[in-house]
Amino acid sequence: MRYKSPNKEFFIKNRAKLVNFLPKNSVVVINSNDEMPRNGDQNFPFRQNSDLFYLTGLDQEKCILLLCPDHPEESKREIVFTIEADENMVIWNGHRYAKEEVAEICGVENVQWTGAFESFLRDLVLQSEHVFLNQIEYPKYQTEVPYKDLRFANEIKVKFPENSIKRVAPLLAKLRGVKEPEELEMMQKAADITNKAFYKVLKTTRPGVMEYEVEAEMTYEFLHNGAAGHAYPPIIASGESACILHYIDNDKVCNDGDLMLMDFGAEYGNYAADVSRTIPVNGKFTPRQSECYNAVLRVMKKAIKLYVPGNTINKVDKIVKKMMEAEMVSLGLFTEEDVKNQNSDSPMYFRYFMHGMNHYLGLDVHDVGAKDTEFVEGMVLTCEPGLYIAEEKIGIRIENDIVVGEEPFDLTRNIPREIDEIEKIMQERK
């Protein structure tokens, strides 16, 4: 395994917290992710369902967690199912969990092969009143792919129409939002690996390099340091491409005099880092680039202080947008008179800063949680002000990962962001 997993006590604790949220006579079913086809004879690399990993630590396909905390038989209150690997499967695809390994990873004593799942499911559902099922509920994400948990939910509704079907996602969102020390340790590791990749980029970027070559340097450092790879498709956007918010082509040449905006992060033990940095391709910011960059950096430093209990994503976003508006006036992008006369439904700042200021971070890059949920200590969110002036080919975003607290803690504090530091490292290129 590439990473050191938390011990089983962590997953036992997570399941206990979920059980405390359940009404009496409930059963919970959570499936592993599918293996997704890539082409005629290959699958995409497997990535576990975040909720199943959070509750079990199992990082293998074809696993199922079944919880029925009020079942009269104690052995049936927690059951994990895993695939029984035959000799041929092992020869072609390698080792698969033994029952003893599953028990040691997640702390569930009753481990069964998946072939027994249907009979156990029927027993537990018929003993229960409420059936809690899992689905992807991130508001901005939609997929036409009928993934495993969705297919399973549709089957359950047909097989057991008399049971009350409920959503487990809101309960898990409450739990996953506040990070345990074990999770913060994994996220710090992801941030530290991301830092190493950024240093490599600073040492190797120069005029004429291709954006995909920059991506390749990141990928090497991620894999070399034990990460699974990128936590999401990286953005390597030079020149005018930096003003395309989700630019992932990464196929342009990086030209002398241009800025290069990078949005990237390592995934370590299924936990994500999410960092943005903007650097001059030639190693030296122009006066105008410096002016714009420092405007964003000033706002970022002020914004981090807002990551305290009681605030919300929407509150922070509103405050930061006003900060950026003032900086834009100072940069000459529009005037205070323009602001007074602006349409409130289409504010002036939106021309140059059109995305959200932050989002939750954890097992998913855009982790679970609502924008009006009050921050509590231990939540982790990004802080990512930006400035995009298409007519000047200037796109700047600076993004760090912040742990909420009375004194907010920056997981990405060691990743260079000051102009002097960035230029100094880049001037040391060979």
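Let me begin by describing the structure that accompanies this report. The model shown is predicted, which means the values in this text are computed figures rather than measured ones.

Comments concerning the sheet that holds strand β6 (residues 164-167)
Within the open sheet, the 6 strands sit side by side as β4-β3-β2-β1-β5-β6. Their pairing is mixed. Of all the strands in the sheet, the pair left with one neighbour each is β4 (110-113) and β6. Strand-to-strand twist across the sheet, computed as the mean angle between neighbouring axes with direction ignored, equals 20°. As judged from the 4 bridges shared by strand β2 (residues 64-67) and strand β3 (residues 78-82), these two strands associate in the antiparallel manner.

Some remarks on helix α9 (residues 211-224)
Within an α-helix, residues lying three or four positions from one another point in the same direction, as the helix has 3.6 residues per turn. Between the first and last C-alpha of α9 there are 20 Å, a value that for 14 residues agrees with the 20 Å anticipated at 1.5 Å per step. Buried within α9 are the following residues: Glu-211, Val-214, Met-218, Glu-221 and Phe-222. Along α9, the residues classed as buried sweep out an arc of 105° about the axis, all on the same side. Buried-residue contacts for α9 involve α8 (181-204), β7 (229-230), β8 (235-238), β9 (259-264) and β10 (266-268). Following α9 by one or two positions, Gly-226 has its phi on the positive side, about 90°.

Side note on the sheet that holds strand β13 (residues 380-383)
Taken in spatial order, the 3 strands of this open sheet run β13-β16-β17, and their pairing is antiparallel. Each edge of the open sheet is held by one strand with a lone partner, namely β13 and β17 (409-410). With 4 bridges joining them, β13 and strand β16 (residues 400-403) adopt antiparallel strand pairing. By the bridge assignment, Leu-381 is partnered in β16 with Ile-402.

Quick look at the side chain of Arg-417
Along the polypeptide, Arg-417 turns up in the loop between β17 and α13 (419-427). In this structure, Arg-417 is buried with no salt-bridge partner, the nearest side chain bearing the opposite charge being Glu-418 at 4.6 Å. Not counting residues within four places of it along the chain, the set of residues in contact with Arg-417 comprises Arg-277, Tyr-293, Leu-297, Met-300, Lys-301, Ile-304, Ile-398, Asn-400 and Ile-422.

Points about the pattern of salt bridges
Applying the stated criterion across every chain, the model contains 32 salt bridges. One salt bridge connects Glu-73 with Lys-76, and the closest N-O pair in it is separated by 3.5 Å. Among the ionic pairs, Arg-167 bridges to Glu-137, the shortest N-O distance being 2.7 Å. Residue Arg-167 is found in strand β6, and its partner Glu-137 is found in the loop between β5 (130-133) and α6 (148-159); the two are separated by 30 residues along the sequence.

Description of α6
Helix length check: α6, at 12 residues, gives a terminal C-alpha distance of 16 Å against a target of 16 Å (1.5 Å per residue), a fit within 8%. Looking at α6, one finds that the buried residues are Asp-149, Phe-152, Ala-153 and Ile-156. Down the axis of α6, the smallest arc covering the buried residues is 105°, so these residues share one side. Buried-residue contacts for α6 involve β1 (26-31), α5 (117-126), β5 and β6.

Definitions and cut-offs
- Residues numbered from 1 in each chain as written.
- Predicted model: local features only at pLDDT ≥ 70, side-chain atom pairs only at ≥ 80, totals over all residues.
- Heavy atoms only, no water.
- Pairing = 2+ DSSP bridges.
- Helix = DSSP H or I, 4+ residues; strand = E, 2+ residues; numbered from the N terminus.
- Axes fitted to C-alpha atoms, helices over the stretch in contact; angles between N-to-C directions.
- Expected span 1.5 Å × (residues − 1).
- Buried < 20%, exposed > 50% of the residue type's maximum accessible area, 1.4 Å probe, protein only.
- Arc of directions from axis to C-beta.
- Contact = heavy atoms within 4.5 Å.
- Lys, Arg positive; Asp, Glu negative; His and termini not counted.
- Salt bridge = Lys/Arg side-chain N within 4 Å of Asp/Glu carboxyl O.

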